[in-house]
Amino acid sequence: QVQLAESGGGLVQAGGSLTLSCTASQRIFSSSSMGWFRQAPGKERDFVAAITRSGGSTRYSSSVRGRFTISKDNAKSTLYLQMNSLKSEDTAVYYCAARADSMYHSATADDYDYWGQGTQVTVSS
């Protein structure tokens, strides 16, 4: 049973924007803090951004801070990642993740319990 599902990936030119979405079951979404991670070919999965269960606090990796914005819509059980000023090094598969029964965000992948299948983002230079 798919718990998380990402969408919104695609091909964009450098300097452009994309918005990723991640839908989750209401049960998971309402009880979890959420995060975005990414994995480029031949590299490990890296932290991108995270948000607390309430949505009141966020954190970002240094590589995306100021360009990406994480947000959530509790009514729609949907997590977003607005990505602006995209660079070629942002090319990766992007995954959303849920940290069950937790109020607090985390930058550590092992802290997350549910993962989506991923969506490809390709930035052409």
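Bear in mind that the values here come from a model prediction, so they are computed numbers and not experimental data.

S.K.: Teacher, can you tell me more about the sheet that holds strand β7 (residues 68-73) here?
M.R.: The strands making up a sheet associate through backbone hydrogen bonding, with each pair oriented either parallel or antiparallel. Reading across the sheet, the 4 strands line up as β1-β3-β8-β7 and stay open at both edges, with antiparallel pairing between neighbours. If you trace the sheet from one side to the other, it starts and ends with β1 (4-7) and β7, each paired once. For this sheet the average axis-to-axis angle between neighbouring strands, irrespective of direction, equals 15°. When β1 meets strand β3 (residues 18-24), the two strands line up antiparallel, connected through 4 bridges. Residue pairing in the sheet places Glu6 in a bridge with Cys22 of β3.

S.K.: In this structure, what is going on with the nonpolar core? I would like to understand it.
M.R.: If you look at soluble globular proteins, the nonpolar side chains tend to sit buried side by side. Residues Trp36, Leu79, Leu81, Met83 and Tyr94 are the most contacted members of the largest nonpolar core, which totals 27 residues. In this view, Met83 contacts Gly16, Ser17, Leu18, Leu20, Arg67, Phe68, Tyr94 and Val121; residues no more than four positions away in its chain are not counted. Core analysis: the next-biggest nonpolar cluster, separate from the first, contains 5 residues, Phe37, Ala50, Ala97 and Tyr112 among them.

S.K.: Mind showing me how you'd approach the pattern of salt bridges here?
M.R.: Side-chain pairing between opposite charges can occur once the charged atoms of the two side chains come close. Counting across every chain of the model gives 3 salt bridges. With a shortest N-O distance of 2.9 Å, Arg38 and Asp90 are connected by a salt bridge. In this pair, Arg38 sits in strand β4 (residues 33-39) while Asp90 sits in the loop between β8 (78-83) and β9 (92-99), placing the two residues 52 residues apart along the sequence. The same class applies to Arg38 as to Asp90, namely buried. We note a salt bridge from Arg99 to Asp111, for which the minimum N-O separation is 4.0 Å. Placement of the pair is Arg99 in strand β9 and Asp111 in the loop between β9 and β10 (114-115), with a sequence separation of 12 residues. Connected through shared salt-bridge partners, Arg38, Arg67 and Asp90 make up one network.

S.K.: In this structure, what is going on with the side chain of Thr78? I would like to understand it.
M.R.: Position of Thr78 relative to the elements: it lies in strand β8. In this structure the side chain of Thr78 is engaged in a polar contact, spanning 2.9 Å, whose partner is the backbone oxygen of Lys76.

What counts and how
- Residues numbered from 1 in each chain as written.
- Predicted model: local features only at pLDDT ≥ 70, side-chain atom pairs only at ≥ 80, totals over all residues.
- Heavy atoms only, no water.
- Pairing = 2+ DSSP bridges.
- Helix = DSSP H or I, 4+ residues; strand = E, 2+ residues; numbered from the N terminus.
- Axes fitted to C-alpha atoms, helices over the stretch in contact; angles between N-to-C directions.
- Core = buried A, V, L, I, M, F, W, Y, C linked by side-chain atoms within 4.5 Å.
- Buried < 20%, exposed > 50% of the residue type's maximum accessible area, 1.4 Å probe, protein only.
- Contact = heavy atoms within 4.5 Å.
- Salt bridge = Lys/Arg side-chain N within 4 Å of Asp/Glu carboxyl O.
- Polar contact = N/O pair within 3.5 Å; in protein donor to acceptor, adjacent residues only side chain to side chain.

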